[in-house]
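In case you want the letters, here they are:
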Amino acid sequence: MCGIVAAVADRNIVPVLLEGLRKLEYRGYDSAGLALINELGLQRLRAVGRVAELTAQVDETGAAGNTGIAHTRWATHGVPSERNAHPHISDGLAVVHNGIIENHEALRTRLKADGYEFTSDTDTEVIAHLIAHELKTTGDFFTAVRASIAQLQGAYAIAVLREVEPDRVIVAREGSPLLLGLTDEGNYAASDASALLQVTRRMVYLDNGDCAELLRGSYRITRVDGTPVERAETESQLSADSVELGQYRHYMQKEIFEQPVALSNTLELIGAARSIQPGLLGADAEVTLKDVRQILIIACGTSYHAGLVARYWLEAIAGISCSVEVASEYRYRDSVPDPQTLVVTISQSGETADTLAALHHAKAQGMMRTLAICNVPESSLVRETALRFITRAGPEIGVASTKAFTTQLAALYLLTLVLAKLRGRLTAEHESAELTALRHLPVAVAKVLELEPQIKEWAGHFAMKQHALFLGRGRHYPIAMEGALKLKEISYIHAEAYAAGELKHGPLALVDKEMPVIAVAPNDTLIEKLKSNLQEVRARGGELYVFADADSEMQESDGVHVLHLPEHYGALSALLHVVPLQLLSYHVALVRGTDVDKPRNLAKSVTVE
Ligand code: G6P
C-alpha cells in the first residue's frame, strides 16, 4: 500500500525522502515519485518499479532541495504507470496521497466542468485540482487544503507543497496513517515511524481528522474546521530492526502477540471507509472480478487452511462456488480449466515452489484471472498475478505461521465482501455492519490473547501425551486442522483434525483416556450437533478441552474443560478461535523443550518442490 514521506528542513532533504521510501517498501508498491521545491521551481521525478529507479533519476539529475514530498504507490485507481504515479500537480502545487477517495468520480466531473484537465486515472488527482480551486477563493494554502479535504469521502493521508511557498508543507489524515517527526533543523512527516528513525525519534502521531502545517522551525495541528489541537510528542521506542525479539522468548510468541497490530495494518484501508471498494485488490479488480464464475484457491500448509476457511465464506456470503486445492496436487492433476475462474493463490512468503508452479499450471490452461494474497510485496507470486492483496503482517520468522494466517483470513474476508458486493448480495446495512466488525477485530483478538494464563495451564495436560484429536464443524473444521498442524509442527505430538460429524466413521475407535480431544466450539448453528459429538467422546472416557465463546452454554464437568472466548464473533469467529490453538501449541512445545521457532525438518519458505 502507498507510503508517504515529507520534509521541510535546513538541509538537502532528498536523501531523507529516498531512505524513507526504502523503509516503507515493505508496505507494497509498484511505482514511486517525489516533488521538490528548489531553484528550478517545482521539480517532479516519477518512476515505475522500484525506489532504486527513482534514486537513479535523482543521481542523474542531481535533484536537491530543502522542501519535498515523496511517495510509493500501490495502484488502486489506474494501472501502475508513470502518469499515474504520485505526486500529482495542479497549478504549482503537488500532492501525494495514501488511501482511496470514494467520491472521486463526482468530484472529477465537477472539476472538469470548472475547466481542470486531468492527466492521470487516479483518484488522487482530484485532490490536487480541488486544492488549487479552493486556493482561488480562500487565498491561504492551509485553509484551502482543509476546505478541500472537508469534501473528500474515504480514507486518506496526504502531503502537499506549493511552489510559491517554498518553506511550507501541509499534511492531513483520515483513516490512513501519518505521523510527524520533529528535529532542530526541520520537520518531517511519514506513513510510519520506521521511515523517520534515520533523522529523529521525536514523533507526533496525528489523529483522524487532523491537519498539520510544517515549517522549518515550527509546526501546528488543527482539526479540519481549523480548530487548533495539541498532540503529544512521543519518543519512538521502535527498533530500527523490526525483527528483534524484544520482550519475547521466541519469535512465534512475539508473532502471536503481534496479531492485533498485524490485523489493523492489513485492514488499514478500510479504517475510515464507508464502503468496500474492489480497488482494495488492485486497480483492475472490478473488471477482473465482475463476471467471475467460480473461485479456485491454491496454497500449501497453513495458507491452504486459510483457503479452506474462505470457501465457507465465499459460498455462503458471496454465493460463488469455490474449490480449494493443495498446490502440489493441483499442479499435476488433469483438471477441467474454466477461463472465467478466479485463481486465488495464498502464500506467506510468495516463494513456495508448489504454489508458484500451480499458478503457472493454471495460467497455462488459460486461467488468467489471478489474485495473490501474500505477505511479501516483492515476491515472485505477487509479480506473476493480475491482482494482489498484500497482507501487512510484517516479517514472520517462526516457521509455524501465526500472524500471516490471521491476516490471510482478513484478506480473504475482504475478498468475500468485494465479490458479494459486485454480485449484488451485500445490502448497505450489511456492508456497514461488516465494516464495523472488521474494524473491531484487532481489539477482539487482543482480548483473546488475555486468555494465555489459562491456556498455559491446559498445556501441562498435553505435554506427556503422544496423540491429540482436534474437532470442529463448518468453517471451524479448517481451524481445527490448523490447530492440529500447529501442535504437530512444534511439539511433535501426533495430532489429527476431524470434522466432528465424521467422528463415528473411524476416529472414535482411538478415543480413550490417553487421547485428549480439543473442540473448537463457538455458538453457531452447528453447536447442538457438536455437543452431541462431544458426548460421544466423553462416553468413551476421552478428556475434552473445549474452546467455546461468550454465547455458548458449555459447562465444565468431570473430564470436560471449557474455556470461553470473550466474544461471539459470527462469520469471523474462525479468526478468533485459531488464536488459543496457537497459544496452546506454543506452551505445549515450551513444556516439551522443542526448538519452537525452528522445528526439526521444517523450513519457513519451501522454495523447492
Ligand atoms: C512451509 C511453512 C508453513 C507454511 C507453508 C506454506 O511449510 O513452514 O508455515 O504455511 O510453507 O508457505 P507459504 O509461504 O506459501 O504460505
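**Digging into the sheet that holds strand β14 (residues 228–229)**
Link 1 in the chain: A sheet is described by the order of its strands in space; here 7 strands give the open sequence β5-β6-β7-β8-β12-β13-β14, paired in antiparallel fashion. Lying at the two open borders of the sheet, with one neighbouring strand each, are β5 (88–90) and β14.
Link 2 in the chain: Pairing geometry for strand β6 (residues 93–101) and strand β7 (residues 154–162), over 9 bridges, is antiparallel. Looking across to β7, one finds that V95 is bridged to V160.
Link 3 in the chain: Helix α5 (residues 141–149) contacts β7, β8 (169–174), β12 (210–214) and β13 (219–223) of the sheet and is inclined by roughly 160° relative to β7.

**Details of the side chain of D192**
Link 1 in the chain: Structurally, D192 is set in the loop between β10 (186–190) and β11 (202–205).
Link 2 in the chain: Only 2.4 Å separates the side chain of D192 from the side chain of S194, close enough to count as a polar contact.

**Digging into unusual backbone geometry**
Link 1 in the chain: The linkage connecting H86 with the following residue, P87, adopts the cis geometry, with an omega of 0°.
Link 2 in the chain: Looking at where P87 falls in the secondary structure, it is placed in the loop between β4 (67–73) and β5.
Link 3 in the chain: Unlike most non-glycine residues, D91 shows phi in positive territory, near 50°.
Link 4 in the chain: You can see D91 is positioned in the loop between β5 and β6.
Link 5 in the chain: Accessibility expressed as a relative area gives 62% for D91, which makes it exposed.
Link 6 in the chain: One non-glycine residue with positive phi stands out, namely Y492, at about 65°.

**Overview of empty space enclosed by the protein**
Gaps left between atoms show up when a probe the size of a water molecule is rolled over them.
Link 1 in the chain: Evaluated as defined, the whole model comprises 3 cavities of 30 Å³ or more.
Link 2 in the chain: Approximately 100 Å³ is the volume found for the largest cavity.
Link 3 in the chain: If you go around the largest cavity, you meet 15 residues; those closest to its centre are C2, W74, T76, H97 and G99.
Link 4 in the chain: Looking at which element gives the most residues to the lining of the largest cavity, the answer is β6, with 4 residues.
Link 5 in the chain: Here the residues of the lining of the largest cavity are counted per class, giving 5 nonpolar, 8 polar and 2 charged.

**A closer look at the nonpolar core**
Link 1 in the chain: Core analysis: the largest hydrophobic core is formed by 92 residues, its most contacted members being I295, W313, V344 and F470.
Link 2 in the chain: Top element by residues in this core is helix α13 (residues 403–422). It accounts for 12 residues.
Link 3 in the chain: The residues that make up this core include at least three from each of domain 2 (251–445) and domain 3 (452–592).
Link 4 in the chain: Beyond its immediate stretch of four places on either side in the chain, F470 contacts A480, G483, A484, L487, A495, E496, A497, Y498, I518 and L581.

**Regarding the site of the ligand**
Link 1 in the chain: In the vicinity of the ligand there are 13 residues, among which S303, S347, Q348, S349 and T352 approach most closely.
Link 2 in the chain: Within the side chain of S347, a nitrogen or oxygen atom sits 2.6 Å from an oxygen atom of the ligand.
Link 3 in the chain: Contact distances for the ligand include 2.6 Å between an oxygen atom and a side-chain N or O atom of S349.
Link 4 in the chain: When the free accessible area of the ligand is taken as 390 Å², the share hidden by the protein chains comes to 90%.
Link 5 in the chain: Its residues assigned to classes, the shell around the ligand comprises 4 nonpolar, 8 polar and 1 charged.

**What about the domain arrangement of the protein chain?**
Link 1 in the chain: According to the domain assignment, the protein chain contains domain 1 (3–243), domain 2 (251–445) and domain 3 (452–592).
Link 2 in the chain: Just the C-alpha atoms count here: the centres of domain 1 and domain 3 sit 49 Å apart.

**What to know about the pairing of β4**
Link 1 in the chain: Where burial is concerned, most of β4 is hidden: 7 out of the 7 residues are buried.
Link 2 in the chain: Relative to β4, strand β1 (residues 3–9) runs antiparallel, the two being bridged by 6 bridges. For A7, the partnering residue across the bridge sits in β4 and is G68.
Link 3 in the chain: As paired strands, strand β2 (residues 31–38) and β4 are joined by 7 bridges and run antiparallel to one another. Looking at β4, one finds that S31 is bridged to R73.

**Details of the sheet that holds strand β24 (residues 543–549)**
Across a sheet, paired strands are connected by hydrogen bonds in the backbone, their directions being either parallel or antiparallel.
Link 1 in the chain: With parallel pairing, 5 strands are arranged side by side in an open sheet as β22-β21-β23-β24-β25. Whereas interior strands pair on both sides, the edge strands pair on one side only; in this sheet they are β22 (494–499) and β25 (560–565). Pairwise comparison of adjacent strand axes, ignoring direction, gives a mean angle of 20° for this sheet.
Link 2 in the chain: Here β24 runs beside β25; their pairing, made up of 6 bridges, is parallel. Looking at the pairing, V546 lines up with V562 of β25.
Link 3 in the chain: Along the sheet, helix α18 (residues 573–592) makes contact with β21 (467–472), β23 (516–520), β24 and β25, crossing β24 at roughly 140°.

**Regarding the pattern of salt bridges**
Link 1 in the chain: Applying the stated rule across the entire model yields 33 salt bridges.
Link 2 in the chain: For the salt bridge of D140 with R168, the shortest nitrogen-to-oxygen distance reads 3.5 Å. Of this pair, D140 sits in the loop between α4 (124–138) and α5 while R168 sits in the loop between β7 and β8, and the two are 28 residues apart along the sequence.
Link 3 in the chain: With its nearest N and O atoms 2.8 Å apart, the salt bridge here joins D291 to R369.

**Topic: α13**
Count 3.6 residues to each turn of an α-helix, and residues three or four apart come out pointing the same way.
Link 1 in the chain: Its 20 residues place the ends of α13 29 Å apart at the C-alpha level, agreeing with the 28 Å of an ideal helix rising 1.5 Å per residue.
Link 2 in the chain: Burial within α13 is extensive, with 18 of its 20 residues counted as buried.
Link 3 in the chain: Once α13 finishes, G424 follows within two positions and takes phi at roughly 70°, a positive value.

**Brief notes about the state of the cysteines**
Link 1 in the chain: All told, the structure shown has 0 disulfides when counted by the stated rule.
Link 2 in the chain: Here C2 stays unpaired: no disulfide links it, and the sulfur of C374, its closest cysteine neighbor, is 18 Å away.
Link 3 in the chain: Overall, C2 belongs to the buried group, its relative accessible area being 8%.

**Observations regarding the packing of helix α9 (residues 301–318) against helix α16 (residues 477–491)**
Link 1 in the chain: One can describe the packing of α9 onto α16 by two numbers: an axis separation of 8 Å at closest approach and a directional angle of 165°. When the interaxial angle is binned, α9 and α16 end up roughly antiparallel. Crossing hand, α9 versus α16: left-handed. Every residue of α16 that contacts α9 at G301, T302, H305, L308, V309 and Y312 is listed here: Y477, P478, I479, M481, E482, L485 and K486.
Link 2 in the chain: When its residues are assigned to classes, the contact of α9 with α16 shows 8 nonpolar, 3 polar and 2 charged.

Calculation notes
- Residues numbered from 1 in each chain as written.
- Predicted model: local features only at pLDDT ≥ 70, side-chain atom pairs only at ≥ 80, totals over all residues.
- Heavy atoms only, no water.
- Pairing = 2+ DSSP bridges.
- Helix = DSSP H or I, 4+ residues; strand = E, 2+ residues; numbered from the N terminus.
- Contact = heavy atoms within 4.5 Å.
- Axes fitted to C-alpha atoms, helices over the stretch in contact; angles between N-to-C directions.
- Polar contact = N/O pair within 3.5 Å; in protein donor to acceptor, adjacent residues only side chain to side chain.
- Buried < 20%, exposed > 50% of the residue type's maximum accessible area, 1.4 Å probe, protein only.
- 1 Å grid on protein atoms, 1.4 Å probe; cavity = no way out; pocket = protein on both sides within 12 Å on 5 of 7 lines; lining within 4 Å.
- Points joined across faces, edges and corners; volume = space filled by probe spheres on them.
- Nonpolar A, V, L, I, M, F, W, Y, C, P; charged D, E, K, R; others polar.
- Core = buried A, V, L, I, M, F, W, Y, C linked by side-chain atoms within 4.5 Å.
- Domains from an automatic or database assignment.
- Near = heavy atom within 4 Å.
- Areas by Shrake-Rupley, 256 points an atom, 1.4 Å probe, with all protein chains shown as cover.
- Salt bridge = Lys/Arg side-chain N within 4 Å of Asp/Glu carboxyl O.
- Expected span 1.5 Å × (residues − 1).
- Disulfide = S-S within 2.5 Å.
- Parallel < 35°, antiparallel > 145°, perpendicular 65-115°, else oblique.
- Left-handed = near helix turned anticlockwise from the far one by under 90°.

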